[in-house]
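Spelled out from the first residue to the last, the chains are:
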Amino acid sequence: PCQMVFSQLDSPEGVIMTAMQKKHVEGLTSQATLTRRPSRQRQQWLLSEAIQTIPGMNQSLRVLVVDHCHDTVDSMAMLVELWGYQVAKAYEFQSAGELASNSLPQVLLMETALPHGNGHPLVSQLRQIPGLEKSLLISITGDTSEHHRRFCKEADFDYLFLKPVNLAILEQMLQLELKRQIR
């Protein structure tokens with residue numbers, strides 16, 4: 001007969017399970033070590049604990065997401081929150097301006113071609129609000145025209161992302177902005 005003996009060790013790298021298999025007939029013992037990655041919740045907890053030990057790293061970016069499509073705003077906001085940032089949402093330019101004035105986001109993710117106008121006046125208005133002059137403004141749009149690219153440049157956006165957004169690059173940009181804000 002074969003007997004399996006399991007032992008479990010909870011470490012920062014994950015749950016390490018060691019299985020000892022004893023074969024009584026042959027008198028042999030073999031050992032296998034299995035490492036299971038920690039759950040997403042455990043990873044986030046470990047990361048937050050690690051961040052608390054680094055001076056200045058327990059800060060978070062304030063991000064405002066603006067788009068007329070509720071699903072787009074809600075899913076982008078959920079993702080940005082999962083990355084550890086504070087998020088505010090707006091579904092139109094007027095509410096975005098008011099929300100930005102009150103919350104002073106450090107990053108604005110904005111669809112610039114909304115049905116009720118473009119984002120040029122809003123961006124000009126945002127750049128005039130004390131505390132938002134140095135905010136990172138990112139246009140996220142499906143408009144690939146040269147006219148729209150020129151518009152984004154003239155409107156003083158820092159970056160232009162075309163939909164669908166490369167989320168890995170967006171996450172890296174937010175991490176770099178957090179580091180810049182800490183300095």
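Residues numbered from 1 in each chain as written. Predicted model: local features only at pLDDT ≥ 70, side-chain atom pairs only at ≥ 80, totals over all residues. Heavy atoms only, no water.

1. Side note on the side chain of Gln106
With respect to the helices and strands, Gln106 occurs in the loop between α3 (93–103) and β6 (107–110). The class for Gln106 is buried, based on a relative accessible area of 13%. Those residues within four positions of Gln106 in sequence are excluded, and the remaining contacts are Ser60, Leu61, Arg62, Ser135, Leu136, Glu177 and Gln181. (Helix = DSSP H or I, 4+ residues; strand = E, 2+ residues; numbered from the N terminus. Buried < 20%, exposed > 50% of the residue type's maximum accessible area, 1.4 Å probe, protein only. Contact = heavy atoms within 4.5 Å.)

2. Focus on the confidence of the model for the protein chain
On average, residues of the protein chain score 75 in pLDDT, and 64% of them are at 70 or above. Predicted confidence for residues 1–36 stays below pLDDT 50, and this span has 62 contacts to residues more than four positions away or in other chains. (pLDDT = per-residue confidence, 0-100.)

3. Some points on the pairing of strand β4 (residues 62–66)
The element β4 is extensively covered by neighbouring structure, given that 4 of its 5 residues are classed as buried. As judged from the 5 bridges shared by β4 and strand β5 (residues 86–90), these two strands associate in the parallel manner. Counted as the bridge partner of Leu64 is Ala88 from β5. Handedness of the crossover joining β4 and β5 through helix α2 (residues 70–82) is recorded here as right-handed. Pairing geometry for β4 and β6, over 4 bridges, is parallel. (Pairing = 2+ DSSP bridges. Right-handed = clockwise from strand over helix to strand, strands pointing away.)

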